[in-house]
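# Structural description and commentary
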Amino acid sequence: MKNDSYIQLKKLTKRYSEGDKIRSVLDELDLSVEEGEMVVILGRSGSGKSTLLNLVSGIDKPDSGKVIIDGTDLAEMDEKHRTLFRRNNIGFVFQSYNLIPTLTAHENVLLPLKLKGTTDQKLLDKAQQFLEEVGLGDRGDSYPDRLSGGEQQRVAIARALAHEPMLILADEPTGNLDYETGRIILEMLNELVRENGRTIILATHDRDICKFADRVLELKGGKLQDVEKISEVS
Ligand code: ADP
Ligand code: MG
């Protein structure tokens, strides 16, 4: 068991029906990811990147195939256990940040820690520590609408990492940011993830992001194929 890859996707298939037609967005897709690896999934809009990440996180279920994370088959868990597994093991960074508007930056970061059951002072300190790590130690009391897009995404990264998940899933995390801010966010994400030996799967349509990756794959026709790493980017 321990020799198996950290993440194993086996013949993963997801179909959607459009009228009387059925379309396979993912078609017997296979992928293995090792612990500590950073994998970038490239793909055009509509190629199935979000669908894939939602299956890996267990938010969504495949029509067939397996998602095995650290030896655990998500399909064999009931809804409740899958939710708990996600809370304990996965941090998700979204394109649109998805911060809760009625909570301050600090409270947003606290949320996954609270859900995981971390207690009291330790919890407050951790949230503060992660805000400081993303350079927003002095903005904890700010509400999301007072923060720029880049700052909101930094809070979202702090939130995704605060409960110390082993696996980070990032769905177009720079998609709503200008180029320069996007690079800063990526460097930050890359550093924080690498420092702590986390595994990351990042979906994007931005080929520039590939320089951060250990491995680049392209999602096309419902399957993944290797992409030559683009090493020199202007
Ligand atoms: P990407 O994230 O790469 O842009 P998505 O995973 O969001 O792509 O979508 C892949 C395809 O699946 C698209 O054609 C989209 O319209 C379709 N799709 C996604 N979610 C649903 C759904 N809930 N019902 C029907 N079709 C969907
Ligand atoms: Mg998407």
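Here is a short report on the structure shown in this document. (Residues numbered from 1 in each chain as written. Chains lettered and ligands numbered in written order. Predicted model: local features only at pLDDT ≥ 70, side-chain atom pairs only at ≥ 80, totals over all residues. Heavy atoms only, no water.)

### Brief notes about the overall build of the protein chain
Helix and strand counts for the protein chain stand at six helices and 10 strands. Its C-alpha atoms give the protein chain a radius of gyration of 18 Å, within 12% of the compact-globule value 17 Å for 234 residues. Over its C-alpha atoms, taken along the principal directions, the protein chain stretches across nearly 50 × 45 × 40 Å. The burial tally for the protein chain puts 50% of its 234 residues in the buried class. Residue pairs in contact within the protein chain that sit at least 24 positions apart in sequence constitute 70% of those at least 6 positions apart. When the accessible surface of the protein chain is totalled, it reaches about 11,700 Å², and 45% of it is carbon and sulfur. Computed over 32 positive and 40 negative side-chain charges, the separation of the two mean positions in the protein chain equals 4 Å. (Helix = DSSP H or I, 4+ residues; strand = E, 2+ residues; numbered from the N terminus. Rg over C-alpha atoms; globule rule 2.2 N^0.38 Å. Buried < 20%, exposed > 50% of the residue type's maximum accessible area, 1.4 Å probe, protein only. Contact = heavy atoms within 4.5 Å. Areas by Shrake-Rupley, 256 points an atom, 1.4 Å probe, with all protein chains shown as cover. Lys, Arg positive; Asp, Glu negative; His and termini not counted. Charge placed at Lys NZ, Arg CZ, Asp CG, Glu CD.)

### Some remarks on the site of ligand 1
In the region of ligand 1, the neighbouring residues are Y16, R23, V25, R44, S45, G46, S47, G48, K49, S50 and T51. Taking R23, its side chain carries an N or O atom lying 2.6 Å from an oxygen atom of ligand 1. Contact between ligand 1 and T51: an oxygen atom at 2.6 Å from a side-chain N or O atom of the residue. When residues of the shell around ligand 1 are traced back to their parent elements, those giving at least two are strand 2 (21-33) and helix 1 (49-57). (Near = heavy atom within 4 Å. Polar contact = N/O pair within 3.5 Å; in protein donor to acceptor, adjacent residues only side chain to side chain.)

### Focus on the environment of I201
Position of I201 relative to the elements: it lies in strand 8 (residues 199-204). Its relative accessible area of 2% is what places I201 among the buried residues. Taking C-alpha positions, I201 is 18 Å from A162, a pair spaced 39 residues apart along the chain.

### Considerations on the pattern of salt bridges
The full count for this structure, using the stated rule, is 15 salt bridges. Residue K223 is joined to D27 by a salt bridge in which the shortest nitrogen-to-oxygen separation is 3.5 Å. In this pair, K223 is assigned in strand 10 (residues 223-226) and D27 in strand 2, connecting sequence segments 196 residues apart. By relative accessible area, which is 39% here, K223 ends up partly exposed. Note that R215 and E37 form a salt bridge whose closest N and O atoms lie 2.8 Å from each other. (Salt bridge = Lys/Arg side-chain N within 4 Å of Asp/Glu carboxyl O.)

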